[in-house]
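Structural characterization, general
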Amino acid sequence: MKNLFLLSALALTLASCVTYTKGQDGQPGQPGKSTAHNKQEKNVSGFNQKLADSLGADQYGMKPYVIVILTTGTAKIEDKAKMSELMKGHMNNIGRLAKEGKITIAGPFSGKNQRDYRGMFIFNTKSKEEAEQWVKTDPAVAAGIFGYEIFPWYGSAALPLYLKHHDEIAKENP
């Protein structure tokens, strides 16, 4: 009798662990799905609407940008002082554009590649024309040290947030 009671209690406990959804149009319901196992649902407990709005994020936390790939230009400058001045202007221009919120990411490619790609900018705009105006303010681009290619891109709206912390982790500026 004890075994029958324990078996009945165990069966009731197991049955109570299964959840069912309401049926539609007189049809029986289906077993419920745990949120942890439901791949269709996204955990949005950490969602911050104010932050998403301030960054221009869409419903996926993404937004359009423009990538500019710097290529090796046609100018050959042998004067080291002139080249140094142009590269200093290049770096100052990047810093200015970053402070103005126009550049989200900038940096060189390490090593040589088959396409003579030198570096890239990710501009905080969806306008290729606007990105081209901004890249033309670079003294090294204006002098022909760098050429460029422009591409629309779709990425995380949170990209600009890394810039505010970069100064905290950099001991020197190039």
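This text follows the structure it describes.
Since this is a predicted model, take the numbers as computed values, not measurements. (Residues numbered from 1 in each chain as written. Predicted model: local features only at pLDDT ≥ 70, side-chain atom pairs only at ≥ 80, totals over all residues. Heavy atoms only, no water.)

**Comments concerning helix 4 (residues 128-135)**
Since the α-helix turns once every 3.6 residues, residues separated by three or four places project in the same direction. Stated formally: Partly exposed residues are those whose accessible area sits between 20% and 50% of the maximum for their type, while under 20% is buried and over 50% is exposed, using a 1.4 Å probe and protein chains only. Only DSSP runs of H or I reaching four residues or more are called helices, and only runs of E reaching two or more are called strands; each is numbered from the N terminus. The arc under discussion is defined with respect to the helix axis, by the directions toward the C-beta atoms. Here, two residues are considered to be in contact whenever any of their heavy atoms come within 4.5 Å of each other.
Buried residues of helix 4: Ala131, Trp134 and Val135, and no others. Angular distribution of buried residues about the axis of helix 4 spans 95°; they occupy a single face of the element. The outward face of helix 4, more than 90 degrees from its buried face, is lined by the exposed residues Glu129 and Gln133. Those residues of helix 4 that are buried are in contact with strand 1 (62-72), helix 3 (80-99), strand 3 (117-123), helix 5 (139-142) and strand 4 (146-156).

**Topic: helix 3**
Convention followed: Residue count minus one, scaled by 1.5 Å, sets the expected span of a helix. Each polar contact in these results corresponds to two N or O atoms within 3.5 Å; when the atoms are within protein, one needs to be able to donate a hydrogen and the other to accept it, and residues that are neighboring in sequence are counted only if both atoms are side-chain atoms.
Over its 20 residues, helix 3 runs 29 Å from end to end, which matches the ideal 28 Å to within 8%, given 1.5 Å per residue. Of all the residues in helix 3, the buried ones are Leu86, Gly89, His90, Asn93, Ile94 and Leu97. What you see down the axis of helix 3 is that its buried residues fit within an arc of 140°, all on one side. Exposed positions of helix 3 whose direction lies more than 90 degrees from the buried face are Lys80, Ala81, Glu85, Lys88 and Lys99. Structurally, helix 3 contributes buried residues whose contacts are with strand 1, strand 2 (103-108), strand 3, helix 4, helix 5 and strand 4. N-cap assignment for helix 3: the residue whose side-chain oxygen lies 3.0 Å from the backbone N of Ala81 is Asp79.

**With respect to the side chain of Asn93**
Inspection of the secondary structure puts Asn93 in helix 3. Judged by its relative accessible area of 7%, Asn93 falls in the buried class. In this structure the side chain of Asn93 is engaged in a polar contact, spanning 3.2 Å, whose partner is the side chain of Thr137. Residue contacts for Asn93: discarding those within four places in its chain leaves Trp134, Thr137, Asp138 and Pro139.

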